[in-house]
Amino acid sequence: MFDDAAARRYLAGLAPVAEGSVRWLIHDQARHWVSVVDTALASLRQDCAHVLSTLPEEDPNDSLVEAIRAFLAEGPDRTPHVIALSCALLMQGTGDRETVFARIQSGVMATLVDAEDVVVRPVAA
């Protein structure tokens, strides 16, 4: 189970996020793996738009979840892909790009992967 309090303590020890960037935490429960990545907001917008443009019409959320799991299985070099897919998963939930990016910029986002689900949400304050 993901522990928001422990994540906040860990994140508090990191340098601040650079101007124009966002911080994303990825937690894969099955692999006992956590990664924290800072990514440029402008490139995330482009990557997210690209992912959305390639989604199948049928079961897009299932496709995103499967792709996130597949990229995590390939290793930490694929974290930029996981972040773009996570952004697209958020977009599927709201449909409003500006709302999603306002949420992303409001704090540290987390992609939480366990056996049953993939959840994308902010790390609780």
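This text follows the structure it describes.
Because the structure is predicted, anything quoted here is derived from the model rather than measured.

Asker: Go over unusual backbone geometry with me, naming the residues and quoting the values.
Answerer: Most peptide bonds adopt trans geometry, and most residues besides glycine take a negative phi value. Even without being glycine, His32 reaches a positive phi, approximately 50°. Looking at the element boundaries, His32 is found in the loop between strand S1 (21-28) and strand S2 (33-40). Owing to a relative accessible area of 73%, His32 belongs among the exposed residues under this scheme. Within the chain, Asp59 stands out as a residue other than glycine whose phi angle is a positive 55°. Looking at the secondary structure, you find Asp59 in the loop between helix H2 (41-53) and helix H3 (60-74). Its relative accessible area of 44% is what places Asp59 among the partly exposed residues.

Asker: Can you break down the pairing of S2 residue by residue, with the values?
Answerer: Here S1 runs beside S2; their pairing, made up of eight bridges, is antiparallel. Bridged to Asp28 within S2 is Trp33. Once S1 ends, the chain turns through four residues before running back antiparallel as S2, passing His32 with a positive phi of about 50°.

What counts, and at which threshold
Residues numbered from 1 in each chain as written. Predicted model: local features only at pLDDT ≥ 70, side-chain atom pairs only at ≥ 80, totals over all residues. Heavy atoms only, no water. Helix = DSSP H or I, 4+ residues; strand = E, 2+ residues; numbered from the N terminus. Buried < 20%, exposed > 50% of the residue type's maximum accessible area, 1.4 Å probe, protein only. Pairing = 2+ DSSP bridges.

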